[in-house]
Number of protein chains: 2
Amino acid sequence: MRATVLHAPGDVRVENIEDPRIIEPTDAIIRLTATCVCGSDLWPYRGVEAVDEPIPMGHEYVGVVEEVGGEVETVRPGRFVVGSFVASDGTCEICRSGYPSSCVHRVFMSQVGTQSERARIPWADGTLVATPGMPDPDLIPSLLAASDVLGTGWFGAVAAEAGPGRTVAVVGDGAVGLLAVLAAGRLGAERIIAMSRHRTRQELAVEFGATDVVTERGDEGVAKVKELTGGLGAHSVIEAVGTQEAMEQAVRSTRAGGHVGFVGVSHDVRLNGEELFFSQIHLHGGPAPVRRFLPELIDLIWRRRIDPGKVFDLELPLDQAADAYRAMDERRAVKALLRL
Amino acid sequence: MRATVLHAPGDVRVENIEDPRIIEPTDAIIRLTATCVCGSDLWPYRGVEAVDEPIPMGHEYVGVVEEVGGEVETVRPGRFVVGSFVASDGTCEICRSGYPSSCVHRVFMSQVGTQSERARIPWADGTLVATPGMPDPDLIPSLLAASDVLGTGWFGAVAAEAGPGRTVAVVGDGAVGLLAVLAAGRLGAERIIAMSRHRTRQELAVEFGATDVVTERGDEGVAKVKELTGGLGAHSVIEAVGTQEAMEQAVRSTRAGGHVGFVGVSHDVRLNGEELFFSQIHLHGGPAPVRRFLPELIDLIWRRRIDPGKVFDLELPLDQAADAYRAMDERRAVKALLRL
């Protein structure tokens, strides 16, 4: 089958690899309908994460089940499914407590690769959720978004305790940050401050429910959020970047007793313990437990209450994956969908 | 009046200083019944925090109101009061949200000094809570403990979400750690793991409700907590030290989705962002909002349901404050009460 493989920083190719097959009786094989490139795929693409050998890329996916192992009970061949970017058994104590992304048997789909024609999904029962039927084609981007970026933005908003009466600030205007804006709105936040200096991203943020846009960054961004919140800072801040600057901006933009939800994959971040102590914030984040939210997110998409697929501003056939990476790396695209 | 003043690391003296007087109409002057030495007083005593000029010491206190400013409404001269180690106005948005220790007008009582015969308490209405009457003498140590170490241990347990069905681990066997054990028990925790290698402290922890004692520290301590919790880690971990080792031990002892309450004043702590991200824990802490808990804690003490005063294992007259500091510095005493 055709699959996207990263050979070295900047060198991503679509090539023929062996078809996946059932290995464990809890596996499913899906034929992908669409996949996409994630901001976190850019870390190895840019060489920030080491690339020691050719690695299959991608961890977001929607598609049709082709085959299941002998122990799979909830998904059947022919069903359209959405799955989390982390496979989880769905039965361990950590899964049952709402944290499938930290399942004791978890498999990061980035280690499997999903920018390909087919993919093996471990722990199919605990990972995949079937849609009510075959989706209309225009729903595909939104369902695909639920696989990671929507689920991750949603978790950021939940971790930051966005809700009625609360002012929410979002650091980061990538797909996750924009969808955190959407999530905060759905969760009932009173005011949503999007931090962005890119006009098209600002516009999408406003379409998703942002009430204010702040273009300043770093200390100036913090000062602006404080100015908008009576000097106190936001109740809820979502960090959707993963850098030192973004984390500091998030912590410092939050009022005492407030909540930071951090969902940008941390890279070389060191948090000052004394600052955290005296900030008196709540901090929670990590790889989003997308599977927890999938039934609700699929329902909202199916009933056309949300349209997270709007974050895809570039669509290419799988074979042009290299162009998709380049466009995202150069920030010409927010997020690129790969058609199959 | 007589007051304790730190002149240089290790050089603490009780000397005559000017009596306090009402400065703001929201002030009260109290005559202290008892005060004490805190683990955090040892930071400047040991030279870990700089001592640039003679500083009045102490921030824990109980006593009788002598005089109040013109705007004080809830406490009257003659009443016995307990107050938080942070003075707070009680009316700002942060106070009302439950975080008086981050009040926009807060005054750390350590900047005022309470190891003295009298003390000026700013924001008397928002800071002090009167007891139902004059306490029996044997209740004084427990009421004094509520001023900081009990309230701080309690906040640690609340921040760590200790409660029914949960396993709680406590890192640190000082007065705050021991009282965090007591708090976790009162909050209904199912299992409480005290981490201590000192026999007398272990005994007090067990008396306060610890079900398990772990003597290992660092990575070995983490391994032991995991062994006791089916490999997952504790649901709730309270950090009551403030060092890099203790924070790492707390984070690593907590299961994914679990909660760390950190109440040890952070010194030179740097948290690894990537580790925090993948740990998927909740982190909350800081200077305890003791005032939030005082009415409940005073009630529990008054009805003799808890006996937090047991953490005081040394009692000396104020004039022997230097001996009290020495005993705590050398870990011969858990906590020293100073009589007046």
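The text that follows walks through the structure, step by step, so that each part is easy to find. Everything numeric here is computed off the predicted structure, so don't read it as measured data.

1. A closer look at the relation of the copies chain A and chain B
Here is step 1 of the chain: Between the two copies, chain A and chain B, the superposition gives an RMSD of 0.0 Å; the rotation angle is 180 degrees and the shift along the axis is 0.0 Å. In the structure described here, the two chain copies are related by an operation that fits a two-fold rotation axis.

2. Comments concerning the sheet that holds strand β15 (residues 254-262) of chain A
Here is step 1 of the chain: Taken in spatial order, the twelve strands make up an open sheet running β13(A)-β12(A)-β11(A)-β14(A)-β15(A)-β17(A)-β17(B)-β15(B)-β14(B)-β11(B)-β12(B)-β13(B), and their pairing is mixed. For this open sheet the edge positions go to β13 (212-214) of chain A together with β13 (212-214) of chain B, each flanked by a neighbour on one side alone. For this sheet, the mean angle separating the axes of adjacent strands, direction not counted, is 20 degrees.
Here is step 2 of the chain: Pairing analysis gives five bridges linking strand β14 (residues 234-239) of chain B to strand β15 (residues 254-262) of chain B, with the strands arranged parallel. Residue pairing in the sheet places Ser 236 of chain B in a bridge with His 259 of chain B of β15 of chain B.

3. Description of the pattern of salt bridges
Where charged atoms from two side chains of opposite charge approach closely, those side chains can pair.
Here is step 1 of the chain: By the definition in use, this model includes 49 salt bridges over all chains.
Here is step 2 of the chain: With its nearest N and O atoms 2.6 Å apart, the salt bridge here joins Asp 329 of chain A to Arg 46 of chain A. Taken as a pair, Asp 329 of chain A in helix α12 (residues 321-329) and Arg 46 of chain A in the loop between α1 (42-45) and β4 (55-56) lie far apart in primary sequence, 283 residues in all.
Here is step 3 of the chain: In this structure, Arg 331 of chain B and Asp 173 of chain B form a salt bridge, with 2.9 Å as the shortest nitrogen-oxygen distance. One end of the pair, Arg 331 of chain B, is in the loop between α12 (321-329) and β19 (336-339); the other, Asp 173 of chain B, is in the loop between β11 (167-171) and α6 (175-186), and 158 residues separate them in sequence.
Here is step 4 of the chain: Judged by relative accessible area, Arg 331 of chain B falls into the partly exposed class, the value being 41%.
Here is step 5 of the chain: Looking at Asp 173 of chain B, the relative accessible area reads 9%, which means it is buried.
Here is step 6 of the chain: Each of Asp 19, Arg 31, Glu 66 and Arg 118 of chain A takes part in a single network of salt bridges with overlapping partners.

4. Examining the packing of aromatic side chains
Here is step 1 of the chain: One pass over the full model with this rule turns up ten aromatic pairs over all chains.
Here is step 2 of the chain: Judged by centre distance (5.2 Å) and plane angle (40 degrees), the ring pair of Tyr 45 of chain B and Tyr 325 of chain B falls under tilted. Taken as a pair, Tyr 45 of chain B in helix α1 (residues 42-45) and Tyr 325 of chain B in helix α12 lie far apart in primary sequence, 280 residues in all.
Here is step 3 of the chain: What makes Tyr 45 of chain B buried here is its relative accessible area of 7%.
Here is step 4 of the chain: Site record: aromatic cluster; members linked through ring pairs are Phe 108 and Phe 262 of chain A together with Phe 277 and Phe 278 of chain B.
Here is step 5 of the chain: Note that Arg 292 of chain A overlies the ring of Tyr 99 of chain A, its terminal NZ or CZ placed 4.9 Å from the centroid.

5. Focus: the packing of helix α5 (residues 149-159) of chain A against helix α11 (residues 290-302) of chain A
Residues and elements named next belong to chain A.
Here is step 1 of the chain: Remark: α5 packs on α11, axes separated minimally by 10 Å, with the N-to-C direction vectors making an angle of 110 degrees. Of the possible angle classes, the one that applies to α5 and α11 is roughly perpendicular. Contact residues: α5 offers Leu 150, Gly 151, Thr 152, Trp 154, Phe 155 and Val 158, while α11 offers Val 290, Arg 292, Phe 293, Glu 296, Leu 297, Leu 300 and Ile 301.

6. Some details on the sheet that holds strand β1 (residues 2-8) of chain A
Here is step 1 of the chain: The strand order across the open sheet formed by three strands is β2-β1-β4 (chain A), and the pairing between neighbours is antiparallel. One side of each edge strand has no neighbouring strand; the edge strands of this open sheet are β2 (11-16) and β4 of chain A.

The rules behind these values
Residues numbered from 1 in each chain as written. Chains lettered and ligands numbered in written order. Predicted model: local features only at pLDDT ≥ 70, side-chain atom pairs only at ≥ 80, totals over all residues. Heavy atoms only, no water. Least-squares fit on C-alpha atoms with pLDDT ≥ 70 in both. Pairing = 2+ DSSP bridges. Helix = DSSP H or I, 4+ residues; strand = E, 2+ residues; numbered from the N terminus. Axes fitted to C-alpha atoms, helices over the stretch in contact; angles between N-to-C directions. Salt bridge = Lys/Arg side-chain N within 4 Å of Asp/Glu carboxyl O. Buried < 20%, exposed > 50% of the residue type's maximum accessible area, 1.4 Å probe, protein only. Phe/Tyr/Trp six-rings, centres within 6.5 Å; stacked < 30°, edge-to-face > 60°. Lys NZ or Arg CZ within 6 Å of the ring centre and 35° of its normal. Parallel < 35°, antiparallel > 145°, perpendicular 65-115°, else oblique. Contact = heavy atoms within 4.5 Å.

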